[in-house]
Amino acid sequence: MDYSRFSAGLAADGPPPPPLPPIDALSVVTNGLAVKSLVGQESCGRAPWGIEFPGPPCGFFAIREGECVARLRGQGKTVRLSAGDILIVFKSSPVELKDCPESQTVPLGTLLKGQDMRKHPAIDCGGQGAVTKFVTGGFVFEHDNNHCLVEALPAFLHQKNEAEKFPAEQEHVLELICKELRQCSSGRYAIINKLVQVLIIQAIRGVLEQDGSPPGNIVHALNDNEVGHALKLIHQYPQVNWSVQKLADEVGMSRSSFAKRFNIATGTSPIAYLMQYRMKFAAACLENSTDNILSVARRVGFSSDASFSTAFKRCYGDSPGQYRSSRQMSRTGEKQIREGAGGVWGQKRTKKYPDKTIADDRAFRGWPV
């Protein structure tokens, strides 16, 4: 069946739109993904050195020269990094970055004390030994993580580059990030947000090409041709009345074999994933559009707003209307808090909101913005 007419918002019996160009599964799954960079800085460590980064929701560490060790305290993992490697942490975890496991670490906030990171976005620390140069940054996913990819990502990704240098396109992105950090030009934070987003997708692609992700998460699933194609169909056409059998037919597998393979690859069943994506997509629509409830319901495969509201409330605890109102109020308060805060997340509060905090605010202390 040709599902392309659904992507144009037409009824199933309407005239078909012009054929769409083929799109790969990674592009489809990451479509709509948006990040907000909280911080970024170039750093240089001379052995012995060690920096303890706080645990924002997410962070990236790109090694440009030398080597080091990253200890993810939340996951109890230690990762060795060399020039050309990128480590992206998707689940909140304090990270210790140091030249060797035995070196002591200094909290990032201590190193930044007294520095105006808007004018000097660089850290130089350590002794007189071997040099390691790297770029680090913290970020959050926009829209309160209302993107199915966010929850399905692994705790961290490690993109290795045996050539000990970044691919040309990745090096170019990192250099652009560093350039924007060094200059105080207007619009630099908007540009950095987009560049960090590109860096994340490049890293996911790099891991896919290396086949370096374990089963049970979406990065591994995208490397499976049949499961990846099913994910692409779900993300492109959430309004289609999918069943396990329909998806299996589309990818040329038996129902039982497809269901088992999908579960192993993603860690969940096809229908559970479909419903999760529909609800995440609906939540993003409610938060970022003025479409009425019935329009949103139809975009995610529900024929009535009543059945949609029941499913949505089961997932989020609020009706679609309540959710939209609460998110709008939350964003207004968040903006006012941000405008009153300065320098480093979590260090200041406005008089109007003395006891309010941005979501997970305490986790950001020590990350300049």
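What counts and what doesn't
Residues numbered from 1 in each chain as written. Predicted model: local features only at pLDDT ≥ 70, side-chain atom pairs only at ≥ 80, totals over all residues. Heavy atoms only, no water. Pairing = 2+ DSSP bridges. Helix = DSSP H or I, 4+ residues; strand = E, 2+ residues; numbered from the N terminus. Salt bridge = Lys/Arg side-chain N within 4 Å of Asp/Glu carboxyl O. Core = buried A, V, L, I, M, F, W, Y, C linked by side-chain atoms within 4.5 Å. Buried < 20%, exposed > 50% of the residue type's maximum accessible area, 1.4 Å probe, protein only. Contact = heavy atoms within 4.5 Å. Arc of directions from axis to C-beta. Phe/Tyr/Trp six-rings, centres within 6.5 Å; stacked < 30°, edge-to-face > 60°. Axes fitted to C-alpha atoms, helices over the stretch in contact; angles between N-to-C directions. Parallel < 35°, antiparallel > 145°, perpendicular 65-115°, else oblique. Nonpolar A, V, L, I, M, F, W, Y, C, P; charged D, E, K, R; others polar. Polar contact = N/O pair within 3.5 Å; in protein donor to acceptor, adjacent residues only side chain to side chain. Left-handed = near helix turned anticlockwise from the far one by under 90°.

*Asks:* What exactly am I supposed to notice about the sheet that holds strand β8 (residues 106-107) here?
*Replies:* Strand pairing in a sheet takes place through backbone hydrogen bonds and is either antiparallel or parallel in direction. Read across the sheet, five strands follow the order β5-β4-β7-β2-β8 without closing on themselves; strand pairing throughout is mixed. One side of each edge strand has no neighbouring strand; the edge strands of this open sheet are β5 (77-82) and β8. Bridging between strand β4 (residues 67-72) and β5 involves six bridges; their strand directions are antiparallel. The residue bridging C68 from the neighbouring strand is L81, located in β5.

*Asks:* Whenever I open this one, the pattern of salt bridges confuses me. Can you help?
*Replies:* Any two side chains of opposite charge can pair, given that their charged atoms come close. By the definition in use, this model includes 14 salt bridges. Its salt-bridge partner being R64, residue E171 comes within 2.3 Å of it at the nearest N-O pair. Residue E171 is located in helix α5 (residues 168-182), and its partner R64 is located in strand β3 (residues 58-65); the two are separated by 107 residues in the primary sequence. When salt bridges with common partners are traced through the structure, they connect E42, R64, E171, E175 and R182 into a single cluster.

*Asks:* It is not clear to me how unusual backbone geometry should be interpreted in this structure. Could you clarify?
*Replies:* Most peptide bonds adopt trans geometry, and most residues besides glycine take a negative phi value. The omega angle of the peptide bond from A47 to P48 is -5 degrees, so this bond is cis rather than trans. Along the chain, the position of P48 falls in the loop between β1 (35-46) and β2 (50-53).

*Asks:* Would you mind showing me how to read the nonpolar core here?
*Replies:* When a protein is soluble and globular, its nonpolar side chains tend to lie buried together. Residues F139, F141, L231 and F258 are the most contacted members of the largest nonpolar core, which totals 55 residues. Residue contributions to this core peak at nine residues, all from helix α6 (residues 188-210). Excluding residues within four positions of it along the chain, F258 makes contact with A230, V244, L247, A248, V251, M253 and P270. Grouped together as the second largest cluster of nonpolar side chains are 19 residues, F61, V89, V95 and F134 included.

*Asks:* Mind showing me how you'd approach helix α9 (residues 244-251) here?
*Replies:* The α-helix winds at 3.6 residues per turn, so residues separated by three or four positions along the chain end up facing the same way. Taken together, the buried positions of α9 are V244, L247, A248 and V251. Mapping the buried residues of α9 onto a view down its axis gives an arc of 100 degrees, with all of them on the same face. Of the surrounding elements, those touching the buried residues of α9 are α8 (225-236), α10 (255-266) and α11 (270-288). Immediately downstream of α9, the backbone of G252 shows phi near 75 degrees, a positive value.

*Asks:* Help me understand the packing of aromatic side chains in this model?
*Replies:* When we look at a pair of aromatic rings, we describe it by the centre distance and by the angle of the planes. Taken as a whole, this structure holds twelve aromatic pairs when the rule is applied. Both rings, one in F312 and one in Y323, keep their centres 5.4 Å apart while their planes meet at 75 degrees; by these two values the pair is edge-to-face. One end of the pair, F312, is in helix α13 (residues 305-316); the other, Y323, is in helix α14 (residues 320-340), and eleven residues separate them in sequence. With relative accessibility at 5%, the residue Y323 sits in the buried group. A ring pair is formed by Y316 and Y323, whose centres lie 5.1 Å apart and whose planes are at 55 degrees; its orientation type is tilted. You can call Y316 partly exposed: its relative accessible area is 23%. Aromatic ring contacts, followed pair by pair, group F302, F308, F312, Y316 and Y323 into a single cluster.

*Asks:* When you look at the packing of α8 against α10 in this model, what are you seeing that I'm missing?
*Replies:* Where α8 meets α10, the axes come as close as 10 Å, and the angle between the chain directions of the two elements is 85 degrees. The orientation of α8 relative to α10 falls into the category roughly perpendicular. The residues of α10 that touch α8, namely those facing E226, V227, A230 and L231, are F258, R261, F262, A265 and T266. Per-class residue counts for the contact of α8 with α10 are six nonpolar, one polar and two charged.

*Asks:* Would you mind showing me how to read the environment of Q104 here?
*Replies:* Secondary-structure assignment places Q104 in the loop between β7 (95-98) and β8. Sequence separation between Q104 and G50 is 54 residues; the distance between their C-alpha atoms is 5.7 Å. With residues up to four places along the chain from it excluded, the contact list for Q104 reads W49 and G50.

*Asks:* So what exactly am I meant to see when it comes to the side chain of Q170 here?
*Replies:* Within the fold, Q170 resides in helix α5. Judged by its relative accessible area of 2%, Q170 is buried. Within the local environment of Q170, its side chain forms a polar contact with the side chain of Q159, the two groups lying 2.9 Å apart. Ignoring sequence-local partners within four residues, the contact set of Q170 consists of I86, Q159, N161, L199, Q202 and A203.

*Asks:* Honestly, the packing of α5 against α6 in this entry has me stumped. Any pointers?
*Replies:* Each packed pair of helices is defined by two parameters, the angle between the axes and the distance between the axes. It is the contact of α5 with α6, at a shortest axis distance of 10 Å, that shows an interaxial angle of 155 degrees. With respect to α6, the axis of α5 lies roughly antiparallel. In terms of crossing hand, the pair formed by α5 and α6 is left-handed. For the pair α5 and α6, the contacting residues are E169, Q170, V173, L174, L176, I177, E180 and L181 in the first and R188, I191, I192, L195, V196, V198, L199, Q202, A203 and R205 in the second. When the residues that make up the contact of α5 with α6 are grouped by side-chain class, the tally is twelve nonpolar, two polar and four charged.

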